[in-house]
Amino acid sequence: MKKVCIKLVLLILLLPLLTSCYSQTELNDMMIATAIGVDKSTTGYEVTLQVLNPSEVAGTSGKTTQPGISCYSESGETFFHAIRRLTHVTPRKIFLGHIRFVLFSEGVSQDGIIEPLDFLMRDHEMRSDFALLVSKDISAKKVLEVLSPIEQIPANKIINGLSASEDFYGPSLEVELEEFYQHYLSGGIEPVMNGITVLGNSESGKEMTSLEQTTPKAVLKVKYIALFKKDMFIGWLNETESLGFNYLINEIDNTVIVVMTETGAYTFEVTKAETKIELVKPPASFNVVTTLNVTLGEAPTGFVKGKEGINQLTSLVEAKVGDYMSSCVDRLQEEQTDNVGFGQVVNRKAPSVWKVVEEEWETLFPTITVDYQVDVEMTHNGQLSDDESEDEG
Amino acid sequence: MRKQVDIEQTMAIIDKIKKDLYHREDLVIRPITVNDQTVYFIYLTNTVELKSEDLQVFFIRLLVEKKRAKETGLLQACLQLGPSEKQQTPHDYLNTILNHQLLVVYDEAVRVNIGKNFHRAIGEVKTQEVVRGPREAFTESVVVNQAMLRERLKNKQLMFQSLTLGTETGTDVKVVYLAGVCKKEHLDDVLKRLKEAQIAAVLESHYLETLLETKVKTVFPTVYNTERPDVIAAGLLEGRIAVIVDGTPFVLLVPCLLFDFIQSSEDYYQRSDIASAIRMLRVLSLFIALLTPAVFIALTLFHQEVIPTALLVSLAAQREGIPFPALLEVLLMEITFELLREAGVRLPSAVGSAVSIVGALVLGQAAVEAGIVSNAMVIIVSITAISNFVFPSYDLAISIRLLRFVFILLASLFGLVGITLGLVLLVHHLTTLDSIGVSYLTGIAPYDETAHADLWVRKRLDKRQHLFTIRHVFKRDKVRKGV
Amino acid sequence: MKLTERQFKCLLYFSFLGSKVLYFPKLTIHYLDQNGWIGILLAGVLASVLIFIIPKQLFQLSAAGPIIRLLIYVVVVIFTLLLFILEVIILSQFITLHYLMGTPTRVMLIVMLVVVLLLSRYKLEHVGRTAEVLQFLPTLSVIIIFLMAFMHLDFQTLMPLYLNEPMNLIKGSGVFFFIVFADGFVTLRLGEYLNDTSRVRTLYLQTLLKVLLIYLTVTVITLMFLGAALTKISTYPFFHMLMNIHWFRIIERIETIFSLFIIVTSVIKLTVFLFLICHSHGFKHTERFQHISRFIVLLGLFYLSDYFLKPPIVIYPWLYDTGALIFLVLTLVLLLVYQLARVKYKK
C-alpha cells in the first residue's frame, strides 16, 4: 500500500511533464527562412523574409511552376517587432535556424545596425554563422525578391557566389555575424561587410518568366567591401582597394594579378599569399610584409625571357600588390577608420603603449605610416615553354 | 523353494503400484511364470519392447543365480536385458514407470533402462545460424544433449548434477559445469535457487530462467540460452554453469553479461580483424535499433537547426500534406511493422510469404503514396528493423524493441535532452543488474582489464593469454574437485 | 559495497566538471582577461599543493568522534547545498534556453530532480559504475571539438596581456581556484567510500590534472574563437563557441549535439551531491530510511532551487563576487574542521 502511495505521488509529480510539449514544432507547421532583409521604413524597420517553398525545391511529386521561394515584408518599430509582425502575413510559424545571411540596405546601415545585430546575437533559435551583407544602390527587399537560375534558392546562390569570388578572385569577403560583432566590440579594429547588388531590372527579376531566358532579366552580383565605423556604414571600397584590404588581412587564397609591360599584359595567378603586419615603432609606424607565390598564367609573347625577365616581372607584381595595399590604407586613413586592425597590432605587440593611445586611436590612425615589403616568388611559369626560358637565360 | 515372505514382498510392491496407478489404463503388469517362479514386468504400453529371446536369457540367468542363492540374483538377470539398477522406495518405482522404463519385480524391484526414445534426431541450428561453424543443435532429449556436450569436452572435470524439478511434471534437469574452473559460489547459488524453488511445472527452460534471473525488475535478459552445443561448451570452459532441461533444445547458461548477447560464437571461427569489425557493427546496430526513431523525432520536432538545410528542406517537402503529427506517424509505422513481424513468425511458412507481400506493400509504397506517412519515416523504420535483426540473440532484440518505444516517448517530450537523460538512466539501470551475482556490465563497470581486452574487438587467439579472455572474469577461484 | 579506485576517479571527474564547462571561459576572462589559460595552470598548481597539505586521515573519518563528524557534516552540507542549487538552476536554465525553448524552467527543474532521484535509487556504487561507463563522454567530446576547431585556431589571440601586472594574475588565479575546485573539496568526503585510502591523494591529483586539461582546452578554444570581448558578454561561451565550428558542412550545428555531455556530467554530479548531503554524516541507517531521506531532501531542494529560480536569473555576478568569497570562507572552515578532526584522530 505504501509503495503504491509513493508511486502515486511520483506520478502526480510527473504529470506536469506531460504538458511539456511546449517547444515542439512539426516540420509542416513552419516556414524555413533563408535570408532576412532589413530596410528603413517610416516607423522604424521594414523586414523582408525570404522563405522556402519546400515542395518546389525538394519535392518529387506535386511540383508546380511556382518559384522555390516567397518573400514577406512587414514593418515595425524595432527589428524584433517587425519580425513578430510578420506573422500577420506569413501562413506559418517562421523558423530562423537556417538563415544564410542578413542583408542591410545602405540606408539602414548608415544609421547603425547594432539594434538588429543585438537581436540576432540574442536569439537562441538562430545560428550565428550566417553572413552579413549590405545592398548597394538598391533596397534589401528588392535583392531578396530576385530569382536565380540553376540554384533554386537565391540565398544559396549569393553565399556560394560570394565564397567563390573570395576564393578565386579576392575582392570580396564573407563576414559572419560572430566576426563582425567581435570587431565591433574590440578596440583597435573596425568591422566590414561585403556588398551585393542587382544587375538589370529588379522588378522583372521577381517573375518566373525571368528564368525562362538564357540571360535572366535580373542577376545578383557580389560587390566589394563596405566599411563600417562601429556599427555605422561609412563607405564602399572599390575593386583595387578591396583587393588590397584582403591582402592586408591575409584573406587572399587565390587571385590573379595583371601587370603591363612594353610587350603587353602578363597575368599571374597568386597561389599563396601571406601578410604580416609588423610594428616598427609604436604606435604609429608599421611595416607590412607580404610573401606571394605566383605562377604565370598568361603571357603575350608565349614565353618569358630568362631570369632577368622573370625578375623584372616579379618586381612589377610586387609594385602592383604594394599599390593595392597602399591605396586601401590611404582610403581608410581618409575615412578615419581602422578596419584592418592596426590598433590591434599595437595592442598585441605593445600593450602598454596601446593603453595610452587607445582613446585617441581614431585621430591617430590617419597619421600612421605604413611601409610595404612584398616578396614575390615565381614557383612555376605555366605549362608552356618551361625549357625555352631556361635555355635562353 | 521360495519363501512365503518373498512372495508377499513381491505382491506388496505390485499392490502399491496398482494402487498408485489404478486409473492408468496404459499400465501393463505382465507376470511371466517359469518353473513356478513368477516375475512381474511392469511398464507403460508402447514404451518398452520385450523380446522373447531376451526373456529366455533373462530367465536362464535368473534360475542359475537362484541356484547359487545369490542376493543380487535379480539384478544380474536384469543386466541381460539392459542397464539396470535396484529401486528401493515406492517413489522410485513410480518414477521408473513414468520415465518410460521397465520395472522388474521379483522379491525386489529393479529398474531396467530399455525404454524407447521418442525424441527426434539431432537437427540443424534454427535460431543462431552461422556461416562457418558447427551446425548441429541440441535436441529435446536431455540424454542426447548430455552426450553432445561430452563429445565436445573430453575432460575429466566435466560434471553433471541431476535434479528432478517440477512437482507435477517431474522434469529431468542437469546442471553442468567444469569443476576447477567454475566459481564455487556461482554453482552454490545456481543449485540453491533451483532446489529451493517450489515450481509445479517445467515445460521449457524458461521456467527455470525466471529462477536464475536477477532480482531487479528489468527487460534485459540476464540468463543466456542457446541451442548451440559449441556455445555452451565455450561457456563451460570459461567457468560458467549450464542448465539442461529435458524437453527443450534450449540450454541455459549463467552468469552472462550484456555483451554476450551481441557476440556470436562465429566471432571465434573467423579471422580476428573481420570478427572485430562485425562486432563493432553489432554495437552500432544496437544504438541504431534503439535510438533511430527517437533521434529522428527529436531532431524534426525540436532541433531542426541540427539538420543540414538541404536535408531539412527535403524532409519538410515530404511532410507536406501528412495529416498526423510525427510522433503518431512513427508509432503507426513501428506498430505496423511489429504486427507484420509477429504475424510472420507465427504463420505457417506457406502463408508467410503472403504476409511479407502485404507488408511490403503496406509499409512501402502504398502508405507513402496515400499521403499517410512520409518517405523518410519508411526509411527510418526499415533501418531500425534491419538493425534489430543484426543481434545474434533474440532475447536482447526484444528488450531493445520495447525500449525503443520508451525512447520515442522521451524524445517526443524533451527532444535530445530526453534521449540523453534516458540513456543515462538506462546505463544506470544496466549497472544495477547482475547475473547470479556477476555485474551485468563487467568489463566496463566494474572495469576489468582482461575482460575489456576482448569486449569491443576480438583479439587473435594466439595473442591472448587465456582462451576466452572476457570470460576469464568468472574463474577467479577454483572449485573443489567433485563438488 | 565500496567504490573501486577507478569509480572514485570517475565520480570526482564528473563532480569537477558539471555544467561549469559552459561558462568557465567567461570566468577566466572576468578575472584575467586573455591570460585566463595561465591562470588555470596556476590554479592547478595551487590545488595540487593543497591536496598534499590536507591531512591524510580526512578521508577516513569513521574513527573520529560524533561531534567532529557532525561538524564536518554541517559544513559539507552547507557547501554541497549551495553547489547543488547552483548546478541544478544553471543546468535547467541552460536546457530551456538552448534546447527546449518554450518549456518552463521549473518543468526542467522537476525533470532533473526526478532523474537524480532515479539515479540515487540504489547505492553510490551503482552511480560510480554509471560514471565509469560514461566517463569517455566529456573527454571524447572535448577531443573531437578540439580536432574540429584545430584548423580554425588562431594562436595570436592567446598572447599574454598585461603580464607586467603579475599581482593581478596571482589574485585572479587564487580566486578562481576556489570557484573551480570548490566542488572537489566537497567530494573529498567520497574517500569514505573507498576501500583503501592510502592512494586517495594520488587519485585526486590524477583527476585534477585531467580536469585541468579539459578546462584548459575549452578555454583556449573559446578564447580563440570568440575573442575576449565576445566571451565576456555571452551567457554560455562554450556553447557559443561551438556554434562557430563547422566541419565540411556535414555537421551543421554541433553545439546541440556536443553539449549534451554537459547534461550527463551534471546529472551524475548532482546525484553524487545528493548522496553527500544525505549520507556523509557517516551514521548507519536502514536502506528504507535512506531512500525516504533522499526523497525528502530532493523535495526540499526543489523548493529551494525554485525559490532562487526567478527570471531573469543574473547568477553570474553573484557567483563571481560574493560566491567566491563564500567558497573561500567555507573552504577555510572546512580545512580547519578537518584539521580539528585530525587532532582528535591522533589522540
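The rules we used
- Residues numbered from 1 in each chain as written.
- Chains lettered and ligands numbered in written order.
- Predicted model: local features only at pLDDT ≥ 70, side-chain atom pairs only at ≥ 80, totals over all residues.
- Heavy atoms only, no water.
- Helix = DSSP H or I, 4+ residues; strand = E, 2+ residues; numbered from the N terminus.
- Buried < 20%, exposed > 50% of the residue type's maximum accessible area, 1.4 Å probe, protein only.
- Contact = heavy atoms within 4.5 Å.
- UniProt positions renumbered as here; feature names shortened; annotations may be inferred.
- Buried area = accessible area lost by both parts, 1.4 Å probe.
- Salt bridge = Lys/Arg side-chain N within 4 Å of Asp/Glu carboxyl O.
- Polar contact = N/O pair within 3.5 Å; in protein donor to acceptor, adjacent residues only side chain to side chain.
- Nonpolar A, V, L, I, M, F, W, Y, C, P; charged D, E, K, R; others polar.
- Phe/Tyr/Trp six-rings, centres within 6.5 Å; stacked < 30°, edge-to-face > 60°.
- Lys NZ or Arg CZ within 6 Å of the ring centre and 35° of its normal.
- Core = buried A, V, L, I, M, F, W, Y, C linked by side-chain atoms within 4.5 Å.
- Axes fitted to C-alpha atoms, helices over the stretch in contact; angles between N-to-C directions.
- Parallel < 35°, antiparallel > 145°, perpendicular 65-115°, else oblique.
- Left-handed = near helix turned anticlockwise from the far one by under 90°.
- Patch = residues over 30% accessible without salt bridge, like charges linked within 9 Å, V, L, I, M, F, W, Y side chains within 5 Å.
- Areas by Shrake-Rupley, 256 points an atom, 1.4 Å probe, with all protein chains shown as cover.
- Expected span 1.5 Å × (residues − 1).

**Student:** Would you mind going over the environment of Pro249(B) in detail, with residue names and values included?
**Tutor:** All names here are of chain B. Mapped onto the secondary structure, Pro249 falls in the loop between β9 (241-245) and β10 (251-254). Overall, Pro249 belongs to the buried group, its relative accessible area being 9%. With 20 residues separating them in the primary sequence, Pro249 and Pro229 have C-alpha atoms 9.8 Å apart. If near-sequence neighbours (up to four positions away) are discounted, Pro249 is found in contact with Arg120, Phe138, Thr139, Glu140, Thr226 and Glu227.

**Student:** Which residues make up the environment of Tyr99(C), and what values do they have?
**Tutor:** Structurally, the position occupied by Tyr99(C) is in the loop between α4 (66-98) and α5 (105-119). Overall, the relative accessible area of 1% leaves Tyr99(C) in the buried class. On a C-alpha basis, the gap between Tyr99(C) and Thr256(C) in space is 7.4 Å, while along the polypeptide they are 157 residues apart. Other than its neighbours up to four places away in sequence, Tyr99(C) contacts His303(B), Val417(B), Phe94(C), Phe239(C), Glu255(C), Thr256(C), Ser259(C), Leu260(C) and Ile263(C).

**Student:** Tell me about unusual backbone geometry, and please be specific about residues and values.
**Tutor:** Look at the link from Val254(B) to Pro255(B): it is a cis peptide, with omega at -10 degrees. Note the cis peptide between Ala445(B) and Pro446(B), where omega equals -5 degrees. Considering the arrangement of structural elements, one finds Pro446(B) in the loop between β12 (438-439) and α15 (449-453). With phi around 65 degrees, Asn250(A) is a residue other than glycine that occupies positive phi space. Along the polypeptide, Asn250(A) turns up in the loop between α9 (239-248) and β10 (255-260). Here the phi dihedral of His100(B) falls at roughly 65 degrees; this positive angle occurs in a residue that is not glycine. Inspection of the secondary structure assignment puts His100(B) in the loop between α4 (90-98) and β4 (102-106).

**Student:** Run through the UniProt feature "transmembrane region" (unreviewed entry) in chain B, naming residues and quoting values.
**Tutor:** Residue and element names in this part refer to chain B. Within the UniProt annotation, "transmembrane region" (unreviewed entry) is assigned to residues 283-302, 372-391 and 403-427. The distance separating the terminal C-alpha atoms of residues 283-302 is 27 Å; by composition the span is 95% helix and 0% strand. Here residues 372-391 runs as 70% helix and 0% strand, with 31 Å between its end C-alpha atoms.

**Student:** Can you lay out the interface of chain C and chain B for me, pointing to particular residues and giving the numbers?
**Tutor:** Opposite the 28 residues of chain C that make contact, chain B presents 25 residues. Taken over both partners, the interface formed by chain C and chain B buries close to 2600 Å², and the fraction arising from carbon and sulfur atoms is 77%. Between chain C and chain B we count 0 salt bridges in total. Counting across the interface, chain C meets chain B through 4 residue pairs in polar contact (both at pLDDT 80 or more). Among the elements of the structure, α1 (5-17), α5, α6 (124-134), α11 (254-258) and α12 (260-279) of chain C are those that each provide at least two residues to the side of chain C that touches chain B. At 7 residues, α6(C) tops the list of elements feeding residues into the side of chain C that touches chain B. Across the side of chain C that touches chain B, the residue classes break down as 19 nonpolar, 4 polar and 5 charged.

**Student:** Explain the packing of aromatic side chains to me, using residue names and the numbers behind them.
**Tutor:** One pair of aromatic rings is described through two measures. These are the centre distance and the angle between the planes. Evaluated as defined, the whole model comprises 26 aromatic pairs over all chains. On the basis of an interplanar angle of 45 degrees and a centroid distance of 6.3 Å, the ring pair of Trp361(A) and Phe365(A) is categorised as tilted. We note that Trp361(A), like Phe365(A), is buried. Arranged with centres 6.0 Å apart and planes meeting at 50 degrees, the rings of Tyr13(C) and Phe14(C) form a pair that is tilted. Exposure class is identical for Tyr13(C) and Phe14(C). Each is buried. An aromatic cluster is built from Phe286(A), Phe342(A), Trp354(A), Trp361(A) and Phe365(A), whose rings are joined through pairwise contacts. Seen from the ring of Tyr447(B), Arg6(C) lies directly overhead, with NZ or CZ sitting 3.8 Å from the centre. The aromatic ring of Tyr13(C) is capped on one face by Lys210(C), whose charged end is 4.3 Å from the ring centroid.

**Student:** Give a detailed account of the pattern of salt bridges, specifying residues and quantitative values.
**Tutor:** In this structure the tally under the stated criterion is 32 salt bridges over all chains. Ionic pairing is found between Arg319(B) and Glu26(A), a salt bridge with its closest N-O pair at 3.5 Å. Residue Arg319(B) is found in helix α10 (residues 309-319), and its partner Glu26(A) is found in the loop between α1 (2-18) and β1 (30-40); the two belong to separate chains. Accessibility classification places Arg319(B) together with Glu26(A) in one group, the buried group.

**Student:** Describe the nonpolar core, naming the residues involved and giving the relevant values.
**Tutor:** Core analysis: the biggest nonpolar cluster contains 289 residues, and Ile36(A) and Leu292(A) have the highest contact counts within it. Among the elements that line this core, the one with the most residues is helix α14 (residues 394-432) of chain B, at 17 residues. Leaving out residues up to four positions away in the same chain, Ile36(A) has contacts with Val47(A), Thr48(A), Leu49(A), Phe79(A), Ile83(A), Leu96(A), Ile99(A), Phe101(A), Val102(A), Leu103(A), Met126(A) and Leu144(A). One finds Leu163(B), Val190(B), Leu212(B) and Val254(B) within the second-largest nonpolar core, a separate group that totals 23 residues.

**Student:** Now, about the environment of Ala121(B): what can you tell me, with residues and values included?
**Tutor:** Along the polypeptide, Ala121(B) turns up in the loop between β5 (108-112) and α5 (142-152). C-alpha of Ala121(B) to C-alpha of Val144(B): the two residues are 23 residues apart in sequence and 9.1 Å apart in space.

**Student:** I'd like to hear about the packing of α12(C) against helix α13 (residues 287-308) of chain C, residue by residue, with values.
**Tutor:** Residues and elements named next belong to chain C. Across the interface, α12 lies against α13 with an axial gap of 10 Å and an inter-helix angle of 115 degrees. In terms of their interaxial angle, α12 and α13 are classed as roughly perpendicular. Crossing of α12 over α13 shows right-handed handedness. Of the residues in α13, those touching α12 at Leu274, Phe275, Ile277, Cys278 and His279 are Gln290, Ser293, Arg294, Val297, Leu298 and Leu301. Taken together, the residues of the contact of α12 with α13 sort by class into 7 nonpolar, 3 polar and 1 charged.

**Student:** Can you lay out the packing of helix α5 (residues 114-122) of chain A against helix α8 (residues 177-185) of chain A for me, pointing to particular residues and giving the numbers?
**Tutor:** All names here are of chain A. Where α5 meets α8, the closest approach of the two axes is 11 Å, and the angle between their N-to-C directions is 125 degrees. Of the possible angle classes, the one that applies to α5 and α8 is oblique. Handedness of the α5/α8 crossing: left-handed. Residue-level inspection shows Ile114, Leu117, Asp118, Leu120 and Met121 of α5 in contact with α8, the latter providing Leu177, Glu178, Phe180, Tyr181 and Tyr184. Residue classes in the contact of α5 with α8 are distributed as 8 nonpolar, no polar and 2 charged.

**Student:** Quick one: what's the story with a nonpolar patch on the surface, residue by residue and with numbers?
**Tutor:** Residue and element names in this part refer to chain B. On the surface, a cluster of nonpolar side chains totalling about 350 Å² of accessible area is made up of Val219, Tyr394, Ile398 and Leu402. Within the fold, Ile398 resides in helix α14. When its relative accessible area of 32% is taken as the criterion, Ile398 is described as partly exposed.

**Student:** Can you lay out helix α10 (residues 306-335) of chain A for me, pointing to particular residues and giving the numbers?
**Tutor:** Taking 1.5 Å per residue as the helical rise, α10(A) with its 30 residues ought to reach 44 Å, and the 44 Å between its terminal C-alpha atoms agrees with that figure. Gln336(A) lies just past α10(A) and shows a positive phi near 60 degrees.

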